[in-house]
Amino acid sequence: MQDSSPDSPAAPTPQPLDHVARIQAEWHRERPDLDVSPQGVIGRLHRLGGLLTEELCVVYRRFGLSEGEFDVLAALRRAGNPFERAPGELATHTMVTTGAMTKRIDRLERAGLVTRRRAAGDGRGRVVALTDAGRALIDQAFTEHMRNERRLLDALTGDEAAALEPLLTAWLARLEPPQEG
């Protein structure tokens, strides 16, 4: 006979599975011979990456920018006064191809946010620089971007965030070794 008094411990209520756990369960059912546990980490990081990108792009769009255009303006702003870099250097700092960089610079130049000029001492080289309007825009957009990142990170406790950063840093360093300079 089961005790139904209010003081008896109740069976735990099963929690709903998240998207990744449902996929893992399906694979476990279909391929019990495989260890699908890596999906628990990789799948969740992948989904988080997509969700975070969507949330970050909301801010970029508010300023009339794509994610890539924001990256270019931010790379120029981080360069310090006079806020300029060569297109190849911009490609390195934003991790895109030089072809994709040319398209981004073209759009930003049409919008009056950057200028292009010949590099001093190298008639073939070019330099991309922030305009005053570009600097004002990236300063506003970056301020809002940092508020947005804080909002997103605040979904974690301080201890969770503090534990996560060194783990991600170590993992990233093993897949993408840090560069000097």
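For the structure itself, consult the block above.
**Student:** Residues and numbers for helix α6 (residues 132-153), please.
**Tutor:** An ideal rise of 1.5 Å per residue puts 32 Å on 22 residues; α6 measures up with 31 Å between its terminal C-alpha atoms. Taken together, the buried positions of α6 are Gly-134, Leu-137, Ile-138, Ala-141, His-145, Asn-148 and Leu-152. Viewed along the axis of α6, the buried residues span an arc of 90 degrees, placing them on a single side of the element. The outward face of α6, more than 90 degrees from its buried face, is lined by the exposed residues Asp-132, Gln-140 and Arg-147.

**Student:** Pulling in residues and values, what's your account of the pattern of salt bridges?
**Tutor:** Evaluated as defined, the whole model comprises 14 salt bridges. With a shortest N-O distance of 2.8 Å, Asp-18 and Arg-44 are connected by a salt bridge. Here Asp-18 is found in the segment before α1 (19-30), whereas its partner Arg-44 is found in helix α2 (residues 38-62), with 26 residues between them in sequence. Exposure remark for Arg-44: the relative accessible area of 30% places this residue in the partly exposed category. One network of salt bridges, in which partners are shared, links Arg-62, Glu-144 and Arg-147.

**Student:** Outline the packing of helix α3 (residues 67-78) against helix α4 (residues 87-94), supporting the account with residue identities and numerical values.
**Tutor:** Packing of α3 against α4 brings their axes to within 10 Å, and their N-to-C directions diverge by 110 degrees. As far as their axial angle goes, α4 and α3 are roughly perpendicular. Between α3, through Asp-71, Val-72, Ala-75, Leu-76 and Arg-78, and α4, the contact on the second element is made entirely by Leu-90, His-93 and Thr-94. In the contact of α3 with α4, the residues fall into four nonpolar, two polar and two charged.

**Student:** Lay out the nonpolar core with the relevant residues and their values.
**Tutor:** Residues Leu-65, Leu-73, Leu-90 and Val-114 are the most contacted members of the largest nonpolar core, which totals 24 residues. Mapped onto this core, the elements with two or more residues apiece are α2, α3, α4, α5 (98-110), β3 (122-130) and α6. Sort the elements by how many residues they give to this core and α3 lands first, with six residues. Beyond its immediate chain neighbours, meaning those up to four positions away, Val-114 contacts Leu-73, Leu-76, Ile-105, Leu-108, Glu-109, Val-128, Ala-129, Leu-130 and Thr-131.

Here is what the cut-offs are and how they apply
- Residues numbered from 1 in each chain as written.
- Predicted model: local features only at pLDDT ≥ 70, side-chain atom pairs only at ≥ 80, totals over all residues.
- Heavy atoms only, no water.
- Helix = DSSP H or I, 4+ residues; strand = E, 2+ residues; numbered from the N terminus.
- Expected span 1.5 Å × (residues − 1).
- Buried < 20%, exposed > 50% of the residue type's maximum accessible area, 1.4 Å probe, protein only.
- Arc of directions from axis to C-beta.
- Salt bridge = Lys/Arg side-chain N within 4 Å of Asp/Glu carboxyl O.
- Axes fitted to C-alpha atoms, helices over the stretch in contact; angles between N-to-C directions.
- Parallel < 35°, antiparallel > 145°, perpendicular 65-115°, else oblique.
- Contact = heavy atoms within 4.5 Å.
- Nonpolar A, V, L, I, M, F, W, Y, C, P; charged D, E, K, R; others polar.
- Core = buried A, V, L, I, M, F, W, Y, C linked by side-chain atoms within 4.5 Å.

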